[in-house]
Amino acid sequence: MATTRIGTHINAPRGSVYQLLIDPEAVRAWMVPDGMVSEVHRFEPEEGGVFSITVTQDELTAAGTTEQQHHAYYGRFLSLVPEERVMEVLEFVTEIPDMAGAQTITFTLADADGGTDLDVLHEGVPPGMTLADNEEAWEVALAKMVALVERGAIG
């Protein structure tokens, strides 16, 4: 299992960025690949609390395809330190051995240049996902997070 670390600067206070990590509607909006929509089935942002999320293609894209592609994952919150850190463990719902297994994601927030630096450490990236693809997925997600703040949807 591999590790990805990525970060971004967000022109918003830590409290606003922290809310993006623990609000199910915010997570639904930013933590989803392009071309897909997210549905949050369960989301309990407290230590030991669980979450369950499905992402589905927003359109049928392949010729002859009769079902939209979807992926599901579930997990629990290991640690929540308001305005400082969110740590969670998740697993994909899959029958593909190379995509199975626990993954830990740690979001760390720090004051910087009038905003917040957000560091994302993704440990246990499954062997069925290249590090380049995982990093690209995080770049897309973090760009959506920044857009939420800039639109004033959160914070």
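The coordinates are above.
Residues numbered from 1 in each chain as written. Predicted model: local features only at pLDDT ≥ 70, side-chain atom pairs only at ≥ 80, totals over all residues. Heavy atoms only, no water.

## A short note on the overall build of the protein chain
Quick note on the threshold: Counting from the N terminus, the helices are DSSP H or I runs at least four residues long and the strands are E runs at least two residues long. The globule rule is 2.2 Å times the number of residues to the power 0.38, and the radius of gyration it is compared with is taken over C-alpha atoms. Think of it in three bands: residues with accessible area under 20% of the maximum for their type are buried, residues over 50% are exposed, and the middle band is partly exposed, with areas taken using a 1.4 Å probe on protein chains only. Residue contacts are counted whenever heavy atoms from the two residues lie within 4.5 Å of one another. Computed by Shrake-Rupley with a 1.4 Å probe, the accessible areas treat only the displayed protein chains as cover when residues are assessed. Within this scheme the basic residues Lys and Arg register as positive and the acidic residues Asp and Glu register as negative, but His and the chain ends are omitted. Note on charges: their place is set at NZ of Lys, CZ of Arg, CG of Asp or CD of Glu.
Assigned secondary structure in the protein chain consists of three helices and seven strands. Starting at the N terminus and walking to the C terminus, you meet the elements of the protein chain as β-α-α-β-β-β-β-β-β-α. Against the globule reference of 15 Å for 155 residues, the protein chain gives a C-alpha radius of gyration of 15 Å, in line with a compact fold. Residues classed as buried in the protein chain amount to 41% of the 155 residues present. Long-range pairs, those at least 24 residues apart, make up 50% of the contacts in the protein chain between residues at least 6 apart in sequence. If you sum the accessible surface of the protein chain, you get close to 8,200 Å²; carbon and sulfur atoms cover 49% of it. The averaged location of the 26 negative side-chain charges in the protein chain is 5 Å from the averaged location of its 8 positive side-chain charges.

## Some thoughts on the packing of aromatic side chains
Applicable threshold: Put simply, two rings from Phe, Tyr or Trp (the six-membered ring, in Trp's case) pair if the centres are within 6.5 Å, and we call them stacked under 30 degrees between planes, edge-to-face over 60, tilted for the rest.
Tallying each qualifying case throughout the model produces seven aromatic pairs. Considering the side-chain rings of Phe107 and Trp138, the 5.8 Å spacing of their centres and the 70 degrees angle between planes classify their relative orientation as edge-to-face. Linking Phe107 in strand β6 (residues 103-112) with Trp138 in helix α3 (residues 131-151), this pair joins segments that are 31 residues apart in sequence. The same class applies to Phe107 as to Trp138, namely buried. A connected cluster of aromatic rings, assembled from ring pairs, spans Phe43, Phe51, Tyr73, Phe77 and Phe92.

## Description of the pattern of salt bridges
The line we're drawing: We define a salt bridge as a side-chain nitrogen of Lys or Arg found within 4 Å of a carboxyl oxygen belonging to Asp or Glu.
Counted by the stated rule, this structure contains five salt bridges. Its salt-bridge partner being Arg14, residue Asp111 comes within 3.2 Å of it at the nearest N-O pair. Here the residue Asp111 occupies a position in strand β6, and Arg14 occupies one in helix α1 (residues 14-22), the gap between them amounting to 97 residues. Across the salt bridge formed by Arg42 and Glu44, the nearest N and O atoms sit 2.9 Å from each other. Arg42 sits in the partly exposed class, given a relative accessible area of 46%.

## Regarding the environment of Gly114
Summarising the element assignment, Gly114 is placed in the loop between β6 and β7 (115-125). Given the relative accessible area of 82%, Gly114 is considered exposed. In this structure the C-alpha to C-alpha distance between Gly114 and Glu136, which are 22 residues apart in sequence, comes to 26 Å.

## Points about the pairing of β7
The following threshold applies: Strands pair, by our definition, only if DSSP identifies at least two bridges between them.
Burial analysis of β7 places eight of its 11 residues in the buried class, which makes it a mostly covered element. In the sheet, strand β1 (residues 2-10) pairs with β7 via nine bridges, with the strands oriented antiparallel. If you follow Ala2 over to β7, its bridge partner there is Val125. Pairing analysis gives nine bridges linking β6 to β7, with the strands arranged antiparallel. Each residue of the ladder has a partner; that of Ala112, found in β7, is Gly115.

## Considerations on a negative patch on the surface
We count it as follows: Residues qualify for a patch when their relative accessible area is over 30% and they have no salt bridge, like charges being joined within 9 Å and the nonpolar side chains of Val, Leu, Ile, Met, Phe, Trp and Tyr within 5 Å.
Residues Asp133, Glu135, Glu136 and Glu139 make up a contiguous surface patch of negative charge. Counting through the fold element by element, Asp133 comes out in helix α3. Classification of Asp133 as partly exposed rests on a relative accessible area of 45%.

## Things to note about the side chain of Asn134
Structurally, the position occupied by Asn134 is in helix α3. Discounting residues that sit within four places of it in the chain, Asn134 has contacts with Thr4, His122, Val125 and Met129.

In short, shape yes, function no, at least from these values alone.
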